[in-house]
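Inside the fold
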Amino acid sequence: MSIRITVNGKEHDVRATPDTPLLYVLRDELELDGPKFGCGLAQCGACTVIVKGRATRSCVIPVAAVDSPVTTVEGLGTPAHPHPVQRAFIAEQAAQCGYCISGMVVAAAALLEQHHAPTDAQIHQALDGNLCRCGSHLRIARAVKRAAGERA
Amino acid sequence: MRLARRDFLARTGGIVVAFTIPSAALAQPSPTKPAGPSVPETNPVGGTGLPSSVDGWLALDRAGIVTVRFGKVELGTGIATAISQIVADELDVPFASVKVAEADTSDTPDQGYTAGSASLSTGAIPVRQAAAEARLAILDLAATHFGVGADRLETAAGAVTVRGENRRATYAELVDGQALHRTIATATKVKDPDDYRVVGKSIPRVDLPGKVFGSYAYLQNMRIPGMLHGRVIRPSPIGAMLTSVDEASIAGLPGVRIVKRDAFLGVVAPSEWTAIQAMRRLKVTWTGGGLAPVTDLAAAIRSVPMLSEKAVIDTGDVSALGADALSATYIWPYQTHGSIGPSCGIADVRDGKATIWSSTQGIFFLRSAIATLLALPNSAVRLKYVEGSGCYGHNGSDDAAADAALLSQAVGAPVRVQWMRDQEHGWDPKGPAMIVTHSAALDATQQRISAWRSDVWSPSHSTRPQGDVGNLLAGKLIDVPAAKVTFVGGDRDAKVNYQIPNYRVTMHNLRDGFLHSSAMRGLGGTQNTFANESFMDELAAAAKAGPLAFRRAHLANDARALDLLAALAKLGAWQDRPAAASVDRTAVTSRGRGLSFVRYENTEAYVACIADVAVNRKSGQVRVERLAIAHDCGLIVNPNGLRNQIEGNAIQAMSRTLKERVAFNTSGVTSLDWHSYPIVRFSDVPDVNIVLIDRPHEPILGAGEATTTVIAPAIGNAIHDATGIRLREVPFTPDRVAAALRSA
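Quick caveat: nothing in here was measured; it's all calculated off a predicted structure.

Conventions adopted
- Residues numbered from 1 in each chain as written.
- Chains lettered and ligands numbered in written order.
- Predicted model: local features only at pLDDT ≥ 70, side-chain atom pairs only at ≥ 80, totals over all residues.
- Helix = DSSP H or I, 4+ residues; strand = E, 2+ residues; numbered from the N terminus.
- Expected span 1.5 Å × (residues − 1).
- Pairing = 2+ DSSP bridges.
- Axes fitted to C-alpha atoms, helices over the stretch in contact; angles between N-to-C directions.
- Contact = placed C-beta atoms within 7 Å.
- Buried ≥ 20, exposed ≤ 12 C-beta atoms within 10 Å, placed from the backbone.
- Domains from an automatic or database assignment.
- Nonpolar A, V, L, I, M, F, W, Y, C, P; charged D, E, K, R; others polar.

1. Examining unusual backbone geometry
Cis geometry marks the peptide bond from Ser236 of chain B to Pro237 of chain B; its omega dihedral reads 0 degrees. Following the sequence through the fold, Pro237 of chain B ends up in the loop between strand E7 (228-233) and strand E8 (241-246). Of note, the bond from Val730 of chain B into Pro731 of chain B is cis; its omega dihedral lies within 30 degrees of zero at 0 degrees. Its identity as a non-glycine residue notwithstanding, Glu31 of chain A has a phi of 55 degrees, on the positive side. Tracing the backbone shows Glu31 of chain A in the loop between helix H1 (22-29) and strand E3 (48-51). For Tyr392 of chain B, which is not a glycine, the phi torsion comes out positive at approximately 60 degrees. Mapped onto the secondary structure, Tyr392 of chain B falls in the loop between strand E16 (381-385) and helix H9 (397-411).

What follows is the structure, encoded as structure tokens:
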């Protein structure tokens, strides 16, 4: 069946059963590679997208339950027009393997919409559900601070 | 035959084993007198049959782009950037004009595994030599072009100029798209490190923009025309035989095919979500299998049959060590690699040929294993590397590739398999559980170690597939003969570099134990250094000496080690005194600091660490507040990239030290998600301060994993300093710490 969703400002009619998690629609139907499959359990944050201004785990939300526009990392910025968070991640060299990084960037962008100048504690709290195995945490936290500074 | 799987299950019985001695550490050529590719290199990290001609390593196109065929792959450590820096300097081209091709068995030199922190220390050497030779080849072309002697020519920024004249030609014009077919002479000189312009600079990583914009070409993102999605269903309990599959149970799912072969079971579907649903809904019955019950990990490890014994070092006489010697036993649990992205493999097996896309650390080894699995000749199988989620050793990548290969062969179409989270946690080869016992005594001065005896119990830290199929999970499930056992890595850093007159270290090589295990960051160096450096602190305490002074006294012959310790003491403002000198047992929070040192693999990078911890005496919660790390890996190629590696090692190793242990019962692994196998989070992360010691005229030593080894002992020593309790089993979870404090 066909389900209409809006992703990164564009409407799509996707063929998927209503219970299909949003993640598989984004990746396999819309070929958006930013959101990643990490756990399918909303435990790691690799699949994070923005829905209604909030960081949302796309691996557990059924596509039929998505009633608002979705923003993925691809919708935040491009190399020509990077989001401040993306620019800051590059400036801080805040990644190693980078598999978690799309989720980190999206979660950080959502945080900065709510708190323009987050404290360290707010950054840690906002990103605590996003796991990084390479140990890039210090750089990621610095990048979020830097992005907040640039936006200010 | 069934024996293969029974061996996997760690039962007794007719196992097929062979023993080989792990290859010795490769000799380190100096950067000013490099070895050419004709110098013998040995597997696993060196590779074989390396190209003798420049065009086997490098190509230069008409646009001036230099393509490097590097036999080491980008695992997320920044290696592609680092090798590009080395080539840019040696060839005198701009950094931006150097590209690294993805490794491919069809045209990449076989440089063995990307492992052991050896990608720059050994892997870069033939590439650098090829770049130096390429520059000479271009100079020869220019000499002909300009009609002058090569001695009048200069190279810079991808162009040749005639000294003192305006005449100039670019490399691209001179080479004109031709292959640089020229034998690499071992006598060809490489640059003096003083002339490096790009090496030594913190060049931003070339892979990061794609990773930050969501466009990076991870294996997990690949799509092949006509590709189907596969999922695997594993035996439950572990080692069980498949008895029946109820195909009707998934009748409502469109286009699903079931693939079964002995205990290998998978589903293939047109869409990923359909494949996942089929995997979950398919009714399957299994019989047999299971593991022996374990109540005491140390006893369980010791119960695994020992296959051989070897002295790592045996000098002087340790027989005088008696009951009055200081003795301790250290235990390390099974740990999982914990890749954030579960392993993925894509295979297209049709018409007697196979193409496999994998994030393996060894494309040539995996190719031969998969060729055997598919009953195809090596020449019919092409293995292409595509970066995946960080692996930190032998995670599920090779096995996922084999899964995809079997499924693709069965359905005759390209198949992508990604494991689910519980499969990665449950079935990746585990970092081995190990036991180390130490016994030692001080000399008459009570200030120096007179004798030290160590015993290390470990399975092999490498069960990577190498031609035979028995080390592939899919291979075990289809009952191929067991793979031969090659003992690797349990002895890594089993021996310390301290001067000890009477010293014996015995390696007890165990069969693959309860859980199938293989290479995880640092191999046995992680477990052994935890034991060694904790015990050094126990000995220092017995000597009533400061941990730093006690170590220095045993490193008096190693100026580099002493330099490192001095730099660390300065960075961490270390005030040397006997540990646990003033423990306040009434305070809720006790603070302390601990120190550790290693020369990784006895001959590689020097690393030392100071950990500052706060221990909550009520909850047992340990908070690492700061890590100070001094690091000397010879010539530094990219300082910021190196810092990134050191930070990552430190944080990951802290996670392993405080939180991580694979739980299992008789059915198999039970810690199958991030709640039951927690890892470090942002709120846990300490400050990490690093001092790098650059030695431009010393050989490059590896940096990919050395720091991992010093973290656990530094934290354990700091906990002892704070509380007076000595923790000898990882992880230092709150329940363990609280129990130790109660019984103190």
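Once you've had a look at it, read on.
2. Focus: helix H2 (residues 79-91) of chain B
In an α-helix, one turn spans 3.6 residues, which is why side chains three or four residues apart end up on the same side. Taking 1.5 Å of rise per residue, 13 residues should cover 18 Å, and H2 of chain B covers 18 Å from first to last C-alpha, within 8% of that figure. A positive phi of about 60 degrees marks Asp92 of chain B, the residue just after H2 of chain B.

3. A look at the sheet that holds strand E4 (residues 153-156) of chain B
Pairing between sheet strands relies on hydrogen bonds along the backbone, with the strands arranged either parallel or antiparallel. All names here are of chain B. Spatially, the 3 strands line up as an open sheet ordered E4-E5-E6, and their pairing is antiparallel. The sheet is open, and its two edges are formed by E4 and strand E6 (168-170), each paired on a single side. With direction set aside, neighbouring strand axes in the sheet form an average angle of 25 degrees. Here 4 bridges tie E4 to strand E5 (residues 159-162), and the two strands are oriented antiparallel to one another. Across the sheet, the residue bridging to Leu153 is Val162, located in E5. Across the sheet, helix H3 (residues 124-146) touches E4, E5 and E6, and the angle it forms with E4 is around 130 degrees.

4. Quick notes on the pairing of strand E12 (residues 306-315) of chain B
Residues and elements named next belong to chain B. Summarising burial for E12: 0 of the 10 residues are buried, a small minority. Summarising the sheet, E12 and strand E20 (residues 502-510) pair through 8 bridges and their orientation is antiparallel. Within the sheet, the bridge partner assigned to Ala311 lies in E20 and is Thr506.

5. Digging into the environment of Thr186 of chain B
Residue and element names in this part refer to chain B. Mapped onto the elements, Thr186 comes out in the loop between helix H4 (171-175) and helix H5 (208-213). Residue classification places Thr186 among the partly exposed residues on the basis of 14 C-beta atoms within 10 Å. Distance from Thr186 to Tyr196, taken between C-alpha atoms, is 20 Å for residues 10 residues apart in sequence.

6. Remarks on the domain arrangement of chain B
All names here are of chain B. What the domain assignment reports for chain B is domain 1 (54-213), domain 2 (222-289 + 337-427) and domain 3 (434-742). Once you take the C-alpha centre of each, domain 2 and domain 3 turn out to be 35 Å apart. Taken residue by residue, the interface counts 29 residues in domain 2 and 26 residues in domain 3. Elements with a minimum of two residues in the side of domain 2 that touches domain 3: helix H8 (363-374), H9 and helix H10 (421-427). Top contributing element to the side of domain 2 that touches domain 3 by residue count: H8, with 6 residues. By residue class, the composition of the side of domain 2 that touches domain 3 is 12 nonpolar, 10 polar and 7 charged.

7. Some details on helix H14 (residues 559-571) of chain B
Residues and elements named next belong to chain B. The terminal C-alpha atoms of H14, which comprises 13 residues, lie 18 Å apart, in line with the 18 Å expected from a rise of 1.5 Å per residue. Residues of H14 that are buried make contact with helix H13 (547-553), strand E21 (589-599), strand E22 (606-616), strand E23 (622-632) and strand E26 (687-692). Note on H14: the residue one or two positions beyond its end, Ala573, has a positive phi of about 45 degrees.

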